[in-house]
Amino acid sequence: MKGVRSTLRHLRAPLVDRRTFLRGLGAGVAGLVVGCGRQSDGGETTTSLPEAVSPQLVPGQPLPALPILRNESAGDVSHFVATLVASRDDVAVHAGRMTSLARYDHHSPGPLIELVEGQHVRIELDNRLAQATTVHWHGLPVPADQDGNPMDPVAAGTKHVYEFDVPAGTAGTYWYHPHPHDATASQVAEGLAAPLVVRAADDPLAHVPEVLMFITGIALDANAQIAADDAIDWTIGRQRDLLLVNGARLPVHAVAPGATQRWRIVNATAAIHLKLALEGHTFTLVGTDGGLLGEPIEDLTEFLLAPAQRVELIVKANAAPNGRYRLRALRYATDFMGVGTYVDQDVLTLATTNALPAAPVTLPPKLRPIADLGPATARVDISFDEADLCTSKGAKRTFLINGRMFDMNRVDVVSEVGRVELWNVVNNTTMSHPFHIHGTQFQLVSRTFGTETTATPYLAWVDTVLVPPGQTATLKVKQTLPGKRMFHCHILQHEDNCMMAIVDVRAPAA
Ligand code: C2O
Ligand code: CU
Ligand code: CU
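All figures in this text were calculated on a predicted structure; none of them were measured in a lab.

### Examining the overall build of the chain
Right, on to step 1. Helix and strand counts for the chain stand at five helices and 30 strands.
Right, on to step 2. Per-residue burial for the chain yields a buried fraction of 59% across its 510 residues.
Right, on to step 3. In the chain, of all internal contacts separated by at least 6 residues, the share reaching a separation of at least 24 is 76%.
Right, on to step 4. Summed over its atoms, the accessible surface of the chain is roughly 19,400 Å², and 54% of this surface lies on carbon and sulfur atoms.

Structure representation (structure tokens):
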């Protein structure tokens, strides 16, 4: 495959030059990939939105809040009961043309689900789509058969009840999205994704005003429809999407000068690595995927939020009135032969108003204790591999886990309820992959590059960890519920195209 590599390197196209790149692929690579069913049609997709768009997609609108899914449990707060509709709706995204989106409760992103630790949850999915779907509660430790796995599709036109408890200690920022076999990437791209927040009665930051920023991506084709994934998307992930926050393009978030806020940010894009930085400000890191850290970490100038990850940041706005500061996603190379090199992108603008300066807010020195999971008694070796495999998707390179393509009927790893395991995740490929395990929050122990091992600078609960090329991430994992769990790359095109596997968590032998 030397020929492909040099062709790709030679083209070294920034994202804006996709057409040139695709033409190059067509000319230089097509001959080498005969047998790969789908060829890209190059000129059909656009990298920017059509000029006339709906008000929501006009830059500079106020940051919208997402609707909240109503609890219908009639005043009984120990239960959360709701219905969630998944349907296909025509939406005016491009003026004069309707775009067909898939949405939860006729909203994209879908409604925020707000839960409380200890609650019993019963949510009925009403699947009005023309295809099967599932709802996956990303990051939450729900029973395996309630987790919306690809093995449990909800057929088109049918309803399905998901039921689970929200354990104590799970307060944090999560999200939910479809996980049907082979169609996760397309259903998310078409609009099915939404946030979920679990609250704790003893939240040490309850006094800090909160803002939710749910970041998704959109790319339209020439007919103003959601662009289908093309050969490059299937290869390096859908990185060409334009960023939206709570469904809005480059919105403005206005606050009083000096205001202190807790930002919960979700990276719900398929493949975009968001190296977040806020002009003129630093961040105080207080939480990750599974909730609060042991203590705040101050003065971060940037935070890399990989696909599927969440972060809680405290932002203290500049005390000067009428200021404007861009929240940006800075260039992050995924090192895929130069194709996946990002340009800096703006995400939103923080604007200070001319109101009186807000009163200062003091953060507690301790947040929520995190105990090390303890000594591991088993070890699991995971490798990411790269192959010139032809799949039906038309990817130019295929990424695998432990050298194998995903098989829904195969168990790849056997685990045990309650056992602490050391997972060594080795990335033998040429691009970075966000590695995600269902069913539990885990702890990153260290990262090894060559002979150098760096211990994690702080303990945190995460369900997704970014593993750059050539690196080994060492994790401590403990599953507390039995059943089959997915683990996969959360670049959704990789996940749908082979880079997924199954861990079967079994009851300990008596
Ligand atoms: Cu967001 Cu298999 O998960
Ligand atoms: Cu998940
Ligand atoms: Cu990947």
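### Looking at the sheet that holds strand E19 (residues 345-352)
Two pairing modes exist for strands in a sheet, parallel and antiparallel, and in both the strands are linked by backbone hydrogen bonds.
Right, on to step 1. Strand order in the open sheet formed by five strands is E11-E19-E18-E13-E16, and the pairing between neighbours is mixed. Two strands lie at the open edges of the sheet, namely strand E11 (252-255) and strand E16 (303-305), each paired on one side alone. Strand-to-strand twist in this sheet, taken as the mean axis angle between neighbours without regard to direction, amounts to 25°.
Right, on to step 2. Sheet analysis places strand E13 (residues 274-278) next to E16, joined by three bridges and oriented antiparallel. Note that in E16 the partner of Leu276 across the bridge is Phe303.

### Notes on the coordination of the copper ion (ligand 3)
Right, on to step 1. Around the copper ion (ligand 3), the protein contributes the donor atoms His433 (ND1), Cys489 (SG) and His494 (ND1), which lie 2.0 to 2.2 Å from the metal centre.
Right, on to step 2. For the copper ion (ligand 3), all donor residues lie on one chain, and their spacing in sequence is H-x55-C-x4-H.

### What about the nonpolar core?
Right, on to step 1. One finds Trp263 and Ile265 to be the most contacted residues of the largest nonpolar core, which totals 30 residues.
Right, on to step 2. When sequence neighbours within four positions are dropped, the list of residues in contact with Trp263 reads Val211, Met213, His253, Leu278, Val311, Glu312, Leu313, Val315, Leu327 and Leu350.
Right, on to step 3. If you look at the next biggest cluster of nonpolar residues, it comprises 29 residues, including Ala271, Ile382, Phe435 and Ile437.

### Some words on the packing of aromatic side chains
Right, on to step 1. For the coordinates displayed, the defined rule picks out nine aromatic pairs.
Right, on to step 2. Ring geometry for Phe435 against Phe487: centres 5.9 Å apart, planes inclined by 70°, an arrangement best described as edge-to-face. Taken together, the residues span a long stretch of sequence, with Phe435 in strand E24 (residues 433-437) and Phe487 in strand E29 (residues 483-489) at a distance of 52 residues.
Right, on to step 3. Residue classification places Phe487 among the buried residues on the basis of a relative accessible area of 0%.
Right, on to step 4. In this structure an aromatic cluster arises from ring pairing among Tyr104, Trp137, Tyr162, Phe164 and Tyr176.
Right, on to step 5. The ring of Trp234 has Lys393 sitting right over it, with the charged end atom 5.4 Å from the ring centre.

### So, the coordination of the copper ion (ligand 2)
The expected angle between donors at a tetrahedral four-coordinate metal is 109.5 degrees. At an octahedral six-coordinate metal it is 90 or 180 degrees.
Right, on to step 1. Distances from the copper ion (ligand 2) to its protein donors, namely His136 (NE2) and His436 (NE2), fall within the range 1.9 Å. Note that His136 is positioned in strand E5 (residues 136-138) and His436 in strand E24, a separation of 300 residues in sequence. The burial state of His136 is the same as that of His436; both residues are buried.

### Things to note about the sheet that holds strand E2 (residues 97-104)
Right, on to step 1. The four strands lie next to each other as E2-E1-E4-E6, forming an open sheet whose pairing is mixed. Where the open sheet ends on each side, the last strands, each with one partner, are E2 and strand E6 (159-165). For this sheet, the mean inter-axis angle between neighbouring strands, taken without regard to orientation, is 20°.
Right, on to step 2. Here strand E4 (residues 120-127) pairs with E6 via seven bridges, running antiparallel. What sits directly across from Ile123, in E6, is Tyr162.

### Quick look at the pattern of salt bridges
Right, on to step 1. Per the stated rule, a full pass over the model turns up 32 salt bridges.
Right, on to step 2. A salt bridge links Glu190 to Arg88; the nearest nitrogen and oxygen atoms lie 2.7 Å apart. One end of the pair, Glu190, is in the loop between helix H3 (184-189) and strand E8 (194-199); the other, Arg88, is in strand E1 (residues 79-94), and 102 residues separate them in sequence.
Right, on to step 3. Residue class for Glu190 comes out buried when judged on its relative accessible area of 18%.
Right, on to step 4. In this structure Arg88 comes out as partly exposed when scored by relative accessible area, which is 40%.
Right, on to step 5. Residues Arg397 and Asp388 are paired through a salt bridge, measuring 2.1 Å at the closest nitrogen-oxygen approach.
Right, on to step 6. Among the residues examined, Arg397 registers a relative accessible area of 7% and is labelled buried.
Right, on to step 7. Judged by its relative accessible area of 43%, Asp388 falls in the partly exposed class.
Right, on to step 8. Each of the salt bridges in this network shares a partner with another, and the network as a whole consists of Glu114, Arg199, Asp203, Glu210, Arg262, Arg264 and Glu312.

### Here we look at the pairing of strand E26 (residues 452-455)
Right, on to step 1. Relative to E26, strand E25 (residues 443-449) is paired through four bridges, and the arrangement is antiparallel. Within E26, the position partnered with Ser446 by the bridge is Ala455.
Right, on to step 2. Linking E25 to E26, which pair antiparallel, is a turn of two residues; within it Gly450 sits at a positive phi near 65°.

### Here we look at the pairing of strand E21 (residues 398-401)
Right, on to step 1. Side chains Thr398 and Leu400 of E21 all project onto a buried face; the interleaved residues Phe399 and Ile401 project onto the opposite face, where all are buried too.
Right, on to step 2. Alignment of strand E20 (residues 378-387) against E21, held across four bridges, turns out to be antiparallel. Within the sheet, the bridge partner assigned to Ala387 lies in E21 and is Thr398.

### Remarks on the environment of Ile297
Right, on to step 1. In this fold, Ile297 is placed in strand E15 (residues 291-300).
Right, on to step 2. Along the sequence, Ile297 and Val286 sit 11 residues apart, while their C-alpha atoms lie 6.6 Å from each other.
Right, on to step 3. Once you skip the residues sitting within four places of it in the chain, Ile297 turns out to touch Phe283, Thr284, Leu285 and Tyr458.

### Comments concerning the environment of Tyr458
Right, on to step 1. Mapped onto the secondary structure, Tyr458 falls in the loop between E26 and strand E27 (464-467).
Right, on to step 2. Not counting chain neighbours up to four residues away, the residues in contact with Tyr458 comprise Leu285, Leu293, Ile297 and Phe303.

### Some details on the environment of Trp234
Right, on to step 1. Mapped onto the fold, Trp234 is located in helix H4 (residues 231-236).
Right, on to step 2. Between the C-alpha atom of Trp234 and that of Gly394, which follows or precedes it by 160 residues, the distance is 6.8 Å.
Right, on to step 3. From its side chain, Trp234 meets the backbone oxygen of Asp229 in a polar contact 3.5 Å long.

Basis of the calculations
- For every chain, the first residue of the written sequence is number 1, and numbering continues from 1 along that sequence.
- As they are written, the chains are lettered A onward and the ligands numbered 1 onward, keeping that order.
- Residue-level local features of this predicted model are given only where pLDDT is at least 70; pairs of side-chain atoms are given and counted only at 80 or more, and the full residue set underlies all totals for whole chains, interfaces and linings.
- The side-chain quantities take in all heavy atoms of the structure and omit both hydrogens and water.
- Only DSSP runs of H or I with at least four residues qualify as helices, and only runs of E with at least two residues qualify as strands; both kinds are numbered from the N terminus onward.
- Burial classes follow relative accessibility: with a 1.4 Å probe on protein chains only, a residue under 20% of its type's maximum area counts as buried, one over 50% as exposed, and anything between as partly exposed.
- Any two residues whose heavy atoms approach within 4.5 Å at even a single point are treated as in contact.
- Areas reported as accessible are Shrake-Rupley estimates using a 1.4 Å probe. Residue values count occlusion only from the protein chains shown.
- Criterion used throughout: strands pair if DSSP finds at least two bridges between them.
- To define axes, lines are fitted to C-alpha atoms, for helices over the stretch in contact only, and angles between the resulting N-to-C directions are given on a 0 to 180 degree scale.
- Distances up to 2.8 Å from the metal define which N, O and S atoms are donors, and 3.2 Å serves for Na, K and Ca; water is absent from the atom set, so sites may look incomplete.
- We define the nonpolar core as a collection of buried residues of types Ala, Val, Leu, Ile, Met, Phe, Trp, Tyr and Cys that are connected through side-chain atoms lying within 4.5 Å of one another.
- When two rings of Phe, Tyr or Trp (its six-membered ring) have centres within 6.5 Å they constitute a pair, described as stacked for plane angles under 30 degrees, edge-to-face for angles over 60, and tilted for the intermediate range.
- Ring-over charges, as used throughout, are those where CZ of Arg or NZ of Lys falls within 6 Å of the ring centre and within 35 degrees of the ring normal.
- Just to be clear on terms, a salt bridge is a Lys or Arg side-chain nitrogen sitting within 4 Å of an Asp or Glu carboxyl oxygen.
- Two N or O atoms form a polar contact when they lie within 3.5 Å of each other; inside protein one atom must be a possible hydrogen donor and the other a possible acceptor, and for residues adjacent in sequence the pair counts only when both atoms belong to side chains.

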